[in-house]
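Okay, here's what each chain looks like letter by letter:
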Amino acid sequence: MSSTGFRRTFVALSVCSLALTACGGGGEDDSAGGKTRITVNCMPPKSAKVDRQFFEQDIASFEKANPDIDVVAHDAFPCQDPKTFDAKLAGGQMEDVFYTYFTDAKHVVDINQAADLTPYIKELKSYETIQRQLRDIYTVDGQIYGIPRTGYSMGLIYNKKLFQRAGLDPDQPPATWDELRTAAKKIADLGNGTVGYADYSAQNQGGWHFTAEMYAQGGDVVSADGKKATIDTPEGRAVLQNLHDMRWTDNSMGSKQLLVINDVQQMMGSGKLGMYLSAPDNIPILVKEKGGNYEDLALAPMPGGEGTLIGGDGYMFNKKASPEQIRAGLNWLDHMFLTPGDGFLGDYARAKKADAPVGLPEPRLFSGAADAKDQEIKKDNANVPVENYQAFLDGNQNLDMKIEPPHAQQIYSVLDSVVSAVLTKKDADIDQLLEDAAGKIDSILARG
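S.K.: Residue-level account of the overall build of the chain, with values.
M.R.: When helices and strands are tallied, the chain shows 17 helices and 13 strands. Here the chain has a C-alpha radius of gyration of 22 Å; the compact-globule value for 448 residues is 22 Å, and the two agree. If one aligns the C-alpha atoms of the chain with their principal axes, the spans along those axes are about 70 × 50 × 35 Å. When the 448 residues of the chain are sorted by exposure, 60% land in the buried category. The contacts in the chain between residues at least 6 apart in sequence include a share of 78% that link residues at least 24 apart. Total accessible area on the chain stands at roughly 17800 Å², and carbon and sulfur atoms take up 47% of it. Side chains of the chain carry 45 positive and 62 negative charges; the gap between the two charge centres is 4 Å.

Written as structure tokens, this is what we have:
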């Protein structure tokens, strides 16, 4: 899943899946007056005025530097609509360079809708600077089919002010699930509607968080070969028992359940919630849209010290794209997204002038010298309290980074019912819930 829809300035940046007739793909004429024409998606909509302006500025500067390339960008919201994504691919209506979630990569390759970029990859100057674990997501059977654009990892957002009021050290966030439970109880005991810890349990988001919590316990949702569910385990029971005990024994999760991301963000922004799991890109939303304060919001790594869920997005190429279009598209990606400290996502000086948050610990795309350069420029332009995120940066160095499971949304739907049962029924049978869910997930995996 997308953590929020990646946020850059004032509104969501996730864009493009137009109606099937609106986005032409590799079937379009790839030349225009002697130029190589490429269609691309995920251009911010007109309603996202600042993002739209930046995107258009960067395309204009790219075309000026590359007068032989014509970029035709398509916009919509969101960048990818799961309801139309496969239909656009099958119908030949996908753009030449199209947005995908990390979890899409193997599927698009399996249905033979992706161009093999391997013969051209040396022409992407930035490729070797991108973190290997992110590059590997778009590598299938040794061949390269896509380029990462952003990445996120889950952590624990917490309210420093509530920590202080509850007698907790805001500079020492919970490092274990037992410590989180203790902290949640102390925060809830403040009363006046204050909730210690909140979690999602509807619209597939409960299953998404269950997966993140399994990784944090050192477990997995699906076996390494992708054939069997691995939730009916001590780690799975630990996740659910912890939620049950906080909800029913400690009363630290509040009485209102079946929450989704907007509910929890509203609670945190209003100062009534101590902690919840999320990625760094939630923080500007909490401030810009939900009434929060950057100074009060801090970020810690996932409790448990074992693992964390990572996600993100990138671009793949239409299988009908010509060699010239592939080369032009790779050149465009370098210019737009893959130059440290520059381009649509990396021009931190420009973002700061537009009052966009600069200094959040993610997305963190690069490695080595490229990462050092990107981080230095980000630090020089930071306008948020970067010290509030240091624990997250330090802790992530020791965590196993795990991508979402195959058939993630179908699996999350199954796990939603498990999490919601535990949070709404005091006598929920955890063992039976896990056994039943494992059988359903096995059936999903068996269908391929």
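So, next bit.
S.K.: Residues and numbers for the pairing of strand E12 (residues 307-317), please.
M.R.: Burial of E12 is extensive: eleven of the eleven residues sit out of reach of the surface. Side chains Gly-307, Leu-309, Gly-311, Asp-313, Tyr-315 and Phe-317 project from E12 onto one buried face, and the interleaved Thr-308, Ile-310, Gly-312, Gly-314 and Met-316 project onto a second face that is buried too. Two elements, strand E4 (residues 97-101) and E12, share five bridges in a ladder whose sense is antiparallel. Of the residues in E12, the one forming a bridge with Phe-98 is Met-316. Pairing between strand E7 (residues 146-153) and E12: seven bridges, direction antiparallel. Directly across from Gly-151, in E12, lies its bridge partner Gly-312. Bridge analysis of E12 against strand E13 (residues 400-403) gives four bridges, and the strand direction is parallel. Within E13, the residue paired with Thr-308 across the bridge is Met-401.

S.K.: Account for the state of the cysteines, with residues named and values stated.
M.R.: The final tally for this structure, using the stated rule, is one disulfide. Disulfide pairing is shown between Cys-42 and Cys-79; the S-S distance is 2.0 Å. What sets the handedness of the Cys-42 and Cys-79 disulfide is the S-S torsion sign, and at about 50 degrees it is right-handed. In this pair, Cys-42 sits in strand E2 (residues 35-43) while Cys-79 sits in the loop between strand E3 (69-75) and helix H2 (82-90), placing the two residues 37 residues apart along the sequence. There is no split in this pair, since Cys-42 and Cys-79 are both buried.

S.K.: Which residues make up the confidence of the model for the chain, and what values go with them?
M.R.: Of all residues in the chain, 93% have pLDDT values of 70 or greater, and the mean over the chain is 92. Between residues 5-28, whose pLDDT stays under 50, and residues either more than four places distant or in other chains, the model counts 110 contacts.

S.K.: Tell me what's going on with unusual backbone geometry, and back it up with residues and numbers.
M.R.: In this structure, the amide linkage connecting Glu-362 to the following residue, Pro-363, adopts the cis form with an omega of 5 degrees. Relative to the assigned elements, Pro-363 resides in the loop between helix H13 (348-353) and helix H14 (368-380). You will see that Cys-42, though not glycine, has its phi angle at about 70 degrees, which is positive. A positive phi angle, near 55 degrees, is found at Gln-203, a position not held by glycine. Secondary-structure assignment places Gln-203 in the loop between strand E9 (195-197) and helix H7 (205-216). Of the residues examined, Gln-203 reaches a relative accessible area of 60% and is grouped as exposed.

Calculation notes
Residues numbered from 1 in each chain as written. Predicted model: local features only at pLDDT ≥ 70, side-chain atom pairs only at ≥ 80, totals over all residues. Heavy atoms only, no water. Helix = DSSP H or I, 4+ residues; strand = E, 2+ residues; numbered from the N terminus. Rg over C-alpha atoms; globule rule 2.2 N^0.38 Å. Buried < 20%, exposed > 50% of the residue type's maximum accessible area, 1.4 Å probe, protein only. Contact = heavy atoms within 4.5 Å. Areas by Shrake-Rupley, 256 points an atom, 1.4 Å probe, with all protein chains shown as cover. Lys, Arg positive; Asp, Glu negative; His and termini not counted. Charge placed at Lys NZ, Arg CZ, Asp CG, Glu CD. Pairing = 2+ DSSP bridges. Disulfide = S-S within 2.5 Å. pLDDT = per-residue confidence, 0-100.

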